[in-house]
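Residue-level structure breakdown
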Amino acid sequence: MPSFSRIMDSARRFKGSFVPDQHSAAPQRHLVVVTCMDARLDLFRLLGLEIGDSHIVRNAGGRVTEDVLRSLVLSSNVLGTSEVVVIHHTGCGLFGRDNDELRDEIASITGADCSTIDFHPFDDVTESVRQDVAAIEACPLLPNVISVWGAIYDVATCELIPVD
Ligand code: ZN
């Protein structure tokens, strides 16, 4: 497992410079970022974040699913965050796909039934951001979230474009 060996080597090196108890579990900037798992998104550099600043909740597409809401509810009510930013991006693997096509593709690889999974594909990245911001704003378990905003990250130009 070459990746595992590289990860363990890195962890040993990192431990050498690690300062324990430097940060609390509550994000210092009271911020949560919801975004895609895409490997090209360097959120720390893009958003000027440091360790301890923000929760980061990632999944395929950065879609606000029930499980993302679960994380937001804990983040806000237990760990004091009050601002959420939803970032989707150009070139997303879920863009222009549909559930049936994805289900067929995965069933043909695995031989297993995935007909009940919603992969949350989308055809319009601005609209997907708006939908997910609206889902957070509509959640009754997030009364302490005072700001929710959305943006699109352009992977080709490194621009972060706010969505109204
Ligand atoms: Zn993506």
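Just above sits the structure.
Here's what I pulled together on the structure shown here. (Residues numbered from 1 in each chain as written. Predicted model: local features only at pLDDT ≥ 70, side-chain atom pairs only at ≥ 80, totals over all residues. Heavy atoms only, no water.)

**Quick word on the coordination of the zinc ion**
Threshold: In this description, a donor is an N, O or S atom within 2.8 Å of the metal centre, a cutoff extended to 3.2 Å for sodium, potassium and calcium. Water is not part of the atom list, which can make sites seem incomplete. Helical segments are the DSSP runs of H or I of at least four residues, strand segments are the runs of E of at least two, and each set is numbered from the N terminus. We call a residue buried when its accessible area falls under 20% of the maximum for its residue type, exposed when it is over 50%, and partly exposed in between, using a 1.4 Å probe and counting protein chains only.
Within the protein, the zinc ion binds to Cys 36 (SG), His 89 (NE2) and Cys 92 (SG); these donor distances fall in the range 2.0 to 2.3 Å. Sequence spacing among the residues donating to the zinc ion works out to C-x52-H-x2-C. Placement of Cys 36 in strand β1 (residues 31-36) and of His 89 in strand β3 (residues 83-89) is noted, with a sequence separation of 53 residues between them. Take Cys 36 and His 89: they sit in the same class, and that class is buried.

**What about the side chain of Asp 53?**
Note the cut-off: Whenever a nitrogen or oxygen atom comes within 3.5 Å of another N or O atom, the pair is scored as a polar contact, on the condition that within protein one atom can donate a hydrogen and the other can accept it, and that pairs from neighbouring residues in sequence are kept only if both atoms are in side chains. By definition, residues are in contact when any of their heavy atoms lie within 4.5 Å.
Here Asp 53 is to be found in the loop between α2 (43-47) and β2 (54-59). Judged by its relative accessible area of 9%, Asp 53 is buried. A polar atom in the side chain of Asp 53 sits 2.7 Å from the backbone nitrogen of Glu 50. Apart from residues no more than four positions distant in its own chain, Asp 53 is found in contact with Pro 27, Gln 28, Arg 29, His 30, Leu 31 and Gly 48.

**Considerations on the nonpolar core**
Just so we agree on the cut-off: Only buried residues count toward a nonpolar core. Its members are Ala, Val, Leu, Ile, Met, Phe, Trp, Tyr and Cys residues joined through side-chain atoms within 4.5 Å.
Ranked by size, the top nonpolar core spans 23 residues in total, and within it Val 34, Leu 72, Val 84 and Ile 136 carry the most contacts. Where this core is concerned, the elements lending two or more residues are β1, α3 (66-79), β3, α5 (125-137) and β4 (147-154). Broken down by element, this core gets its largest block of residues, 4 residues, from α5. With sequence-adjacent residues up to four places away left out, Val 84 is seen in contact with Val 32, Val 34, Leu 72, Ile 136, Val 145, Ser 147, Val 148 and Trp 149. Of all hydrophobic cores here, the second largest spans 9 residues; its members include Val 33, Leu 49, Ile 87 and Tyr 153.

**Quick notes on unusual backbone geometry**
Positioned with a positive phi, His 30 is a non-glycine residue whose angle comes to about 55°. Considering the arrangement of structural elements, one finds His 30 in the loop between α1 (2-17) and β1. Accessibility expressed as a relative area gives 40% for His 30, which makes it partly exposed. Even without glycine at this site, His 120 takes up a positive phi of about 55°. Its location among the elements puts His 120 in the loop between α4 (99-110) and α5. With a relative accessible area of 26%, His 120 lands in the partly exposed category.

**Considering the side chain of Ser 76**
Mapped onto the fold, Ser 76 is located in helix α3. We classify Ser 76 as buried; its relative accessible area is 4%. Not counting the four nearest positions on each side in its chain, Ser 76 is found in contact with Thr 81, Leu 142, Asn 144 and Val 145.

**Details of a nonpolar patch on the surface**
Our working definition: Patch rule: a residue counts if its relative accessible area is over 30% and it has no salt bridge; like charges are joined within 9 Å, and nonpolar side chains (Val, Leu, Ile, Met, Phe, Trp, Tyr) within 5 Å. Accessible surface is estimated by sampling points in the Shrake-Rupley manner with a 1.4 Å probe; for residues, cover comes only from the protein chains shown. By convention in these notes, a salt bridge is any Lys or Arg side-chain nitrogen within 4 Å of a carboxyl oxygen on Asp or Glu.
Taken together, the side chains of Phe 4, Ile 7 and Met 8 present a nonpolar region at the surface, about 280 Å² in accessible area. For Ile 7, the position within the fold is in helix α1. Accessibility expressed as a relative area gives 53% for Ile 7, which makes it exposed.

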